[in-house]
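Secondary and tertiary structure notes
Here's the letter readout for the chains.
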Amino acid sequence: MRALRSVILFSSLIGVTLITSCERNGDFLVFSVQNDVDLGETIAEQIAEDPSFDILSPQQYPVSYAYVQSMMDEILESEEVTYKEDFSWKINIINDPSNGPVLNAFATPGGQIYVHTGLIYFLDKEDDLAGVLSQEIAHADQRHVSTKLQREYGISLLLNVISGSETSSLERIVSQIAGSGSILPYSRDAEAEADEYSVRYLASTQYACNGAADFFEKLLRNEEQFQPEYLNTHPSPENRVEDINAFALSLGCDTTIDDNSALRYVNFRNSLP
Ligand SMILES: [Zn+2]
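Notes on the structure in this doc start here. (Residues numbered from 1 in each chain as written. Predicted model: local features only at pLDDT ≥ 70, side-chain atom pairs only at ≥ 80, totals over all residues. Heavy atoms only, no water.)

1. So, the nonpolar core
The biggest cluster of nonpolar side chains holds 53 residues, and the ones touching the most others in it are Trp89, Val115 and Leu129. Setting aside anything within four residues of it in sequence, one finds Val115 in contact with Ile91, Asn92, Ile93, Ile94, Asn104, Ala105, Ile120, Leu129 and Leu133. (Core = buried A, V, L, I, M, F, W, Y, C linked by side-chain atoms within 4.5 Å. Buried < 20%, exposed > 50% of the residue type's maximum accessible area, 1.4 Å probe, protein only. Contact = heavy atoms within 4.5 Å.)

2. So, the sheet that holds strand E3 (residues 105-107)
Spatially, E1-E2-E4-E3 is the arrangement adopted by the four strands of the open sheet, whose pairing is mixed. Pairing within the sheet leaves two strands with one partner each, and these edge strands are strand E1 (54-55) and E3. Bridge analysis of E1 against strand E2 (residues 90-95) gives two bridges, and the strand direction is antiparallel. In the strand pairing of E2, Ile55 is matched with Ile94. (Pairing = 2+ DSSP bridges. Helix = DSSP H or I, 4+ residues; strand = E, 2+ residues; numbered from the N terminus.)

3. Things to note about the pairing of strand E4 (residues 112-116)
With five of five residues buried, E4 lies mostly within the body of the structure. Residues Gln112, Tyr114 and His116 point to one face of E4 and Ile113 and Val115 to the other, with burial holding for every one of them. Across five bridges, E2 lies against E4 in parallel orientation. Within the sheet, the bridge partner assigned to Ile94 lies in E4 and is His116. Pairing of E3 with E4, which is carried by three bridges, proceeds in the antiparallel orientation. Looking at the pairing, Phe106 lines up with Tyr114 of E4. In this antiparallel pair of consecutive strands, E3 and E4, the connection spans four residues, and Gly110 shows a positive phi of 80 degrees.

4. Focus on helix H3 (residues 62-76)
With 15 residues, H3 extends 20 Å from end C-alpha to end C-alpha; this agrees with the ideal 21 Å at 1.5 Å per step. Close packing links the buried residues of H3 with E1, E2, E4, helix H5 (126-141), helix H9 (188-202) and helix H13 (261-270). (Expected span 1.5 Å × (residues − 1).)

5. Considering the coordination of the zinc ion
The protein atoms donating to the zinc ion are Gln135 (OE1), His139 (NE2), Glu191 (OE) and Glu191 (OE), with metal-donor distances spanning 2.1 to 2.7 Å. Taken together, the four donor atoms surrounding the zinc ion define angles of 51 to 157 degrees at the centre, an arrangement classified as irregular. Expressed as a motif, the donor residue spacing for the zinc ion is Q-x3-H-x51-E. Here Gln135, found in helix H5, pairs with Glu191, found in helix H9; they are 56 residues apart in sequence, far enough to count as distant. In this pair, the class of Gln135 matches that of Glu191, namely buried. (Donors = N, O, S within 2.8 Å, 3.2 Å for Na, K, Ca; no water. Tetrahedral: all angles 85-135°; square planar, octahedral: opposite > 155°, others 65-115°.)

Purely spatial values, then, with no claim about function.
Spelled out as structure tokens, the structure:
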């Protein structure tokens, strides 16, 4: 059960496409940027109140938060980030539940980013985590999350969620975004776009700009932990590695990994519970 839970939750990160959609992201988005921010904050409040999410407190884990915060700040410094000033960017670390690790990270509309300790422990250098975070930042910044929610729920219902009159829909949205219920898969286009933006964002940071590819390679090396059908995503992790590396090459950005990347990352992991 533990493995299956990891697999199911992880699938939201690697973007299992359960529905076929060729619609280009953003084509019909009429939600405003401020709506994204408000919906994200509403979802974040709901997650904070939900006892099934054990969010580590920044007061209790200042070293851990200083590390992920500086990583996120550096990524957000990229000129490729569209809503750096408009979104209420925030990073949250979710502690694994007692029944096993959760290999997941996710974003709300408007810039609330969440990463589970299970995924942090799965990775072994900071460039990998930078790849994962920049991918999630891209899902928020390219408005994939609000596009997806608008498609599924419609704009008037989402506005009611923000105003607090649609609590059951809010709970459903949280379980979809956070992966604890039926997942909210991104389209193939959205995943490819997030992969590309992760390279663009990381190009101006100290991290290897193909960090997301490293993360998928690690996933492939640990394939036996995951059910093969979950690796057969669309695009597959193999193709994503190739595409990310090809894009990094075309951009000419730095893919070297600092000698101390793994050491700094281990120190960060040791600051966690
Ligand atoms: Zn993704």
